[in-house]
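Each chain, written out:
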Amino acid sequence: MEEKEVVVEAFTELAPRYESVVDNELHKFWGWSYDGFIKFLLENTLIESGELLLDIATGTGVIPRAVMQKNPNCKIVGVDITRAMLNQGKKKLGGELFGKKVFLTTGNAMFMPFASQTYDLVLCGLATHHMQVDQLAAEIHRILKVEGRFSLADVGGSKLWRNPIVNFFIKILAYLYFLVTENKDRAWAEASAVSNVFTAEDWYGILINAGFKEVKITHLKSKKFWVPDPLLIQANK
């Protein structure tokens, strides 16, 4: 089964309980609440009134809902590969936001269904480890307007993870953990994602190669010493 199909199956099953599960996992590993993590991302991201935003891997629409609370004059599009997640997002957004200020669409972040130079700002929270990051960076650069901005928060890796033997054992541990705590589909999805977790230095090189400038990367602190620190990554086109 391809990685894309694994992710879709895992998150289709997870969709009805996604937010509570992620909140529990963030508390356990990083000491953050899900709302607190997204709040930190947005508080450290410049959002101007009237801008058009894109939220990649929007899931159940957590980021669009949070954006609308502070920036009601913006419009935001959420794209996600899993339709079941978007269905949950539509319910949570409600009639006042969905289809008026927030729009949701199914799509693959590596081949996004948007014209070049469309968005002022692209956001992504807790999702890039499920993607081919070099392709993702190139697509984000393509769809951003000149001087557009990119802001994401996700897990970071260490240089040790690049060692094939270490990487293999981390995949096994990830698979076993999520097999016990969740199910086989989630276990495969998270184990497959290990190869897509990069260091801050890796991210810097990927974004520069994609054409970004003014790349800023901030290490946040995880709760446990053996859990990789999350990264806040921002760049301008």
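In the block above lies the structure referred to throughout.
About the thresholds
Residues numbered from 1 in each chain as written. Predicted model: local features only at pLDDT ≥ 70, side-chain atom pairs only at ≥ 80, totals over all residues. Heavy atoms only, no water. Pairing = 2+ DSSP bridges. Helix = DSSP H or I, 4+ residues; strand = E, 2+ residues; numbered from the N terminus. Axes fitted to C-alpha atoms, helices over the stretch in contact; angles between N-to-C directions. Contact = heavy atoms within 4.5 Å. Phe/Tyr/Trp six-rings, centres within 6.5 Å; stacked < 30°, edge-to-face > 60°. Buried < 20%, exposed > 50% of the residue type's maximum accessible area, 1.4 Å probe, protein only. Disulfide = S-S within 2.5 Å. Arc of directions from axis to C-beta.

Q: Any chance you could explain the sheet that holds strand β5 (residues 144–155) here in plain terms?
A: Adjacent strands of a sheet form backbone hydrogen bonds with each other and so pair up, either parallel or antiparallel. Strand order in the open sheet made by the seven strands is β3-β2-β1-β4-β5-β7-β6, with mixed pairing throughout. Every other strand in the sheet has two partners, leaving β3 (102–106) and β6 (213–219) as the edge strands with one partner each. Pairs of neighbouring strands in the sheet enclose a mean axial angle of 15°, with direction left out of account. Contacting β2 (75–80) and β3, helix α5 (residues 83–93) runs over the sheet at an angle of about 165° to β3.

Q: I keep staring at the packing of aromatic side chains and nothing clicks. Help me out?
A: Any pair of aromatic rings gets described here by the distance separating the centres and the angle formed by the planes. Taken as a whole and assessed by the stated rule, the structure comprises eleven aromatic pairs. Taking 6.1 Å as the distance between ring centres and 80° as the angle between the ring planes, the aromatic pair formed by Y18 and Y34 counts as edge-to-face. Taken together, the residues Y18 in helix α2 (residues 18–29) and Y34 in helix α3 (residues 34–43) connect sequence positions 16 residues apart. The two residues Y18 and Y34 agree in class, both being buried. Between the aromatic rings of W32 and F40, the centroid separation amounts to 5.4 Å while the plane-to-plane angle is 70°, which identifies the pairing as edge-to-face.

Q: I tried to follow the state of the cysteines on my own but got confused; where do I start?
A: Under the counting rule described, the total for this entry stands at zero disulfides. Looking at C74, it has no disulfide partner, and the nearest cysteine sulfur is the one in C124, 18 Å off. Overall, C74 belongs to the buried group, its relative accessible area being 1%.

Q: Teacher, can you tell me more about α3 here?
A: The periodicity of an α-helix, 3.6 residues per turn, causes residues three or four positions apart to be oriented the same way. For α3, the complete set of buried residues consists of Y34, F37, I38, L41 and L42. Buried residues of α3, seen end-on, are gathered within an arc of 130° and therefore sit on one face of the element. Residues of α3 that are exposed and point more than 90 degrees away from the buried face comprise D35 and E43. Among the structural elements, α2, α4 (62–70), β4 (119–125), β5 and β7 (230–236) are those in contact with the buried residues of α3.

Q: It is not clear to me how the environment of K90 should be interpreted in this structure. Could you clarify?
A: Note on placement: K90 falls in helix α5. Using a relative accessible area of 45% as the deciding quantity, one classes K90 as partly exposed. In sequence terms K90 and K4 are 86 residues apart; their C-alpha atoms lie 22 Å from each other.

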